[in-house]
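# Tertiary structure, described
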Amino acid sequence: MRKVIAILLLAVVGYYILGTLLNLPFGQKATGVGKYYLDSTIKETGTVNTVTSIVVSYRGFDTLGEVTVLFLAATGLGAILFDKKGKKRSLQNASLIVKTSSKMIYPLTVLLGAYVFVHGHLTPGGGFQGGAIIATGTLLMFMAYRSFETNHTALTIIESLAGLTFVSIGISGLIWGYSFLQNILPLGTPNELLSGGIIPLIYIAVGFKVGAELTTVLDTLLKTIKG
Amino acid sequence: MIYFITSVVLILTGMYAVLVKKNLIKIVIGLSIIDSGVHLLMIAIGYVKNATAPIFSKPGLTADKMVDPVPQALVLTSIVIGLAVTAVALSLVIRLYDHHKTLDINKIRKLKW
Amino acid sequence: MSPVHFIAIPLFAAFLIPLVGKVSKNLVKLIPGIVFLYLSYVAITLFPIGIHKPIVEIIAGFKAPFGISLYYGPLAAFLTTMITLIGFVIWLYSYKFIIREPIEKYYMLFMMLITGSTGIVLTGDVFNLFVFLEITAIAAYSLTAFLRDKDGAEAAFKYLLIGSFSSTFVLLAIVLLYANVHTLNMADIATKISSVPLTTRIFILILFLMGLGIESEMFPLNGWAPDAYSQAPSPVGAVFGGIVVKASIYALMRLIYLMFEFQSVMHFLVIMGVITMLIAEMSAMRQQQIKRMLAFSSIGQMGLVIIAFGVGTEPSVRAALFQMFNHALIKSLLFFAAGYLVFHSGSKKISALDGLGHDKPITSFFFAFGALAIIGLPPFSGFWSKLYVLLSVANSGLFAAVALILFSSVVEAIYYLRVVSRLYFNTEVATDVRRTPVSGLVAMGILTLVILFVGFYPNLVLHWMTPAANELLNKAAYIKAGLFH
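In short, a report on the structure.

What counts as what
- Residues numbered from 1 in each chain as written.
- Chains lettered and ligands numbered in written order.
- Predicted model: local features only at pLDDT ≥ 70, side-chain atom pairs only at ≥ 80, totals over all residues.
- Heavy atoms only, no water.
- Helix = DSSP H or I, 4+ residues; strand = E, 2+ residues; numbered from the N terminus.
- Rg over C-alpha atoms; globule rule 2.2 N^0.38 Å.
- Buried < 20%, exposed > 50% of the residue type's maximum accessible area, 1.4 Å probe, protein only.
- Contact = heavy atoms within 4.5 Å.
- Areas by Shrake-Rupley, 256 points an atom, 1.4 Å probe, with all protein chains shown as cover.
- Lys, Arg positive; Asp, Glu negative; His and termini not counted.
- Charge placed at Lys NZ, Arg CZ, Asp CG, Glu CD.
- 1 Å grid on protein atoms, 1.4 Å probe; cavity = no way out; pocket = protein on both sides within 12 Å on 5 of 7 lines; lining within 4 Å.
- Points joined across faces, edges and corners; volume = space filled by probe spheres on them.
- Nonpolar A, V, L, I, M, F, W, Y, C, P; charged D, E, K, R; others polar.
- Axes fitted to C-alpha atoms, helices over the stretch in contact; angles between N-to-C directions.
- Parallel < 35°, antiparallel > 145°, perpendicular 65-115°, else oblique.
- Phe/Tyr/Trp six-rings, centres within 6.5 Å; stacked < 30°, edge-to-face > 60°.
- Lys NZ or Arg CZ within 6 Å of the ring centre and 35° of its normal.
- Buried area = accessible area lost by both parts, 1.4 Å probe.
- Salt bridge = Lys/Arg side-chain N within 4 Å of Asp/Glu carboxyl O.
- Polar contact = N/O pair within 3.5 Å; in protein donor to acceptor, adjacent residues only side chain to side chain.

## Some points on the overall build of chain C
- What chain C contains, in helices and strands, is 20 helices and 2 strands.
- Relative to its length of 485 residues, chain C is compact, with a C-alpha radius of gyration of 21 Å against a globular reference of 23 Å.
- Along the longest, intermediate and shortest principal axes, the C-alpha atoms of chain C span 70 × 60 × 40 Å.
- Counting the 485 residues in chain C, one finds 70% classified as buried.
- A fraction of 80% describes how many contacts in chain C between residues 6 or more apart in sequence connect residues 24 or more apart.
- Accessible surface for chain C amounts to roughly 14500 Å². Of this, 69% is attributable to carbon and sulfur atoms.
- Averaged over its 30 positive side-chain charges, chain C has a centre that lies 2 Å from the centre of its 21 negative ones.

## Examining empty space enclosed by the protein
- Throughout the structure, instances matching the rule amount to 11 cavities of 30 Å³ or more.
- Looking at the largest cavity, its volume works out to about 160 Å³.
- Taken together, 15 residues make up the lining of the largest cavity; nearest its centre are Asp35, Gly82 and Val85 of chain B together with Ser167 and Thr168 of chain C.
- Broken down by element, the lining of the largest cavity gets its largest block of residues, 5 residues, from helix α3 (residues 69-100) of chain B.
- Its residues assigned to classes, the lining of the largest cavity comprises 6 nonpolar, 7 polar and 2 charged.

## Re the packing of helix α3 (residues 74-97) of chain C against helix α19 (residues 458-473) of chain C
Residues and elements named next belong to chain C.
- Contact geometry of α3 with α19 gives a least axis separation of 7 Å together with a crossing angle of 125°. Taken together, α3 and α19 sit at an angle that is classed as oblique. Contact residues: Pro74, Leu75, Ala76 and Phe78 in α3; Met465, Pro467, Ala468, Glu471 and Leu472 in α19.
- Of the residues in the contact of α3 with α19, the class split is 8 nonpolar, no polar and 1 charged.

## A look at unusual backbone geometry
- For the bond from Pro378 of chain C to Pro379 of chain C, the omega torsion is 5°, close enough to zero to count as cis.
- Along the chain, Pro379 of chain C turns up in the loop between α15 (361-375) and α16 (381-395).
- Phi at Lys101 of chain B takes a positive value of approximately 60°, unusual for a residue other than glycine.
- Phi at Arg148 of chain C is positive, roughly 60°, even though this residue is not glycine.
- By the secondary structure assignment, Arg148 of chain C is in the loop between α5 (126-144) and α6 (150-181).
- Overall, Arg148 of chain C belongs to the buried group, its relative accessible area being 13%.

## As for the packing of aromatic side chains
Residues and elements named next belong to chain C.
- Under the definition given, this model contains 46 aromatic pairs over all chains.
- Aromatic side chains Tyr159 and Phe240 sit 6.1 Å apart centroid to centroid with 85° between the ring planes, which places their arrangement in the edge-to-face category. On the criterion of sequence distance, the pair formed by Tyr159 in helix α6 and Phe240 in helix α10 (residues 234-259) is long-range, its members being 81 residues apart. The exposure classification of Tyr159 matches that of Phe240, with both residues buried.
- With 6.4 Å between their ring centres and 55° between their planes, Phe208 and Phe260 make a pair best called tilted. One end of the pair, Phe208, is in helix α8 (residues 198-215); the other, Phe260, is in the loop between α10 and α11 (263-286), with 52 residues separating them in the sequence. For the pair shown, Phe208 and Phe260 are each scored as buried.
- Among the aromatic residues, those joined into a cluster by ring pairs are Tyr141, Tyr159, Trp224, Tyr229, Phe240 and Phe335.
- Positioned above the aromatic ring of Tyr95, the side-chain terminus of Lys29 is 4.9 Å from the ring centre.

## Details of the interface of chain B and chain C
- Contacts between the two partners involve 33 residues from chain B and, on the opposite side, 32 residues from chain C.
- When the two sides are added together, the surface that chain B and chain C hide from each other amounts to roughly 2900 Å², 82% of it contributed by carbon and sulfur.
- The tally of links between chain B and chain C comes to 0 salt bridges.
- At the surface where chain B touches chain C, the tally comes to 3 residue pairs in polar contact (both at pLDDT 80 or more).

The following block contains the structure:
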């Protein structure tokens, strides 16, 4: 009975969404603000990756909110799963092959993550992607070694400092420039590593923050056994 | 066009899972399927025929041969938000399992509808 | 001085809290207080400027519609000032009330819950609105489960499920809007919305109504509210009822008045408001737990606000804003008092409150004061706002709605007076040696004084609300200020 009602309800919702979508032109050239961003990204932000220039510069305020959302999720997770006695992971040690290869892959993964967030303004990728890659590396270590522990104090400090850097860059725009999060550094030559003004700095901070936060989240979620 | 239909199918599948399934983990999976559907829809809206990624990495690339970058930027934000919600949802599932020793919503009194 | 301080300073403080937490837990407790004190200073300096001429704050140096801008007009000035002041009072109350670990995480989430609401009120961009909605929502889910008991986790999961649906609807609506008008700035959308086909516009409106209706507790989407209010710690209940709901209803009304000003939508709002109010007040009557009763009463009051917004004339919008302001003050006071009454009686049940009026006279007095104010007895502030709502609805000729509002006020009076009479007129005296901390009493005292003051001088507040109501009704001025500053 429930299934029938649910299917009927969803059929109605689906009909209306599709009906609205079929009215839209598909595959047309970008217009409106999208076209403006494509035309002026190099001139105004010195960044060749238009998506990055929108995420960090034109709509940088959204990204600050996004970083906050992730921070809140990590905090909320810690609050919900908080236990005075502390908890342990229940994973068994993996086989020797997995352990050895994880040990070899882990530093490379961290390096790749760092590459991705440093080059966020030049290639596809950025702080969030790079941070996620770093966290995957740590997840690999968590899975392979029962005893692998992260340094919580260090993670908290990295998280805080990275967040503070982001907001401070924003506030310095307010002090030396004209508005919050405004670029105050020279734009440089497009397509070089040192270009784009504050964009690489923000993405490096975001990369550190996301990497540390996702590691904390994974660590908290994996520790389910009362210890 | 196929992108629009696929994304709507994904959204509806996720909603079906949330409405009908009894297992808490399956409900959370349903939530992430809805998210994926919306994200695919956003990318499809920015699609331009025969165009490339909006990155001026080589000389000779011009703006009118690129897809709309705004939906891609929005998707980035929305993915992170979806991830945050999933993480909080999973932590609540762990708490509920601690209290009830079950993942079946029929046995958890208040979650029945 | 610029409105961006309302967002930037709390974020800075939130990122600072983990570092400070490594040094001293007591210092962490002070940080939100300092932040809200500073923000109150900002609010009071900016208020007289914003109320006369809207300040449009550009972020990152790109003009609208290409960058994100904050719109600090009379309405935002009024709401941010209200949110900041109430946020400060709630912090004062939390100071001794929250003793459970992890304290630093509580204060971080609490501060972000309020900052998210401020962001909703300030932003001039639809996608940014969605981001702030999510900040508020995630902080709210975590705080609902903060006590880590069985019911708390259940309530939070329920809230999260419904909330995820809400954010999906809002996101879909934003995506469809972007696909049609290729812009995200609200003022810019308002100029271009008329080129969108009517069916698409109506579908987008329905998505917004469902999405934001969940957060603003509109019937039938308010199933999460009673559980979340009663399971969350009392100060958080006060934030939900006093701040979060107000911000989301603001967002809904801003979008409706700006983009979908159809006559039938307004009628629909009035009808939904009436249904919300009646069902909530009837359900409140049947509640056994005091905080659930307050939650239903809060839904009922929001129904009243929705009716007044739906009428859509200048006096009715002003009355709706006044009612929102009063409700934020009074419901916070009631949650504060109820929090300590529950703490002293050791049970959430109303029947456990017998005779507490003799044992804990001050806290009970505050509860009784709040109850009388919210029912709308003169000379308290609730009387004036209810009167203005009734007058404006009657002026539009909706006499059925007037009768139903009066009827639900009577219902409201019955269940509130039932609790008050249990407090005072029951001989069975309960005793509890623990005392209500001074910070809690000061917080309640401040609210009581403000309620009394507004009750005696309602015109002073109403004077500031006239420009705010005009801002909501005058679409052209908003577009002009938002796009061509």
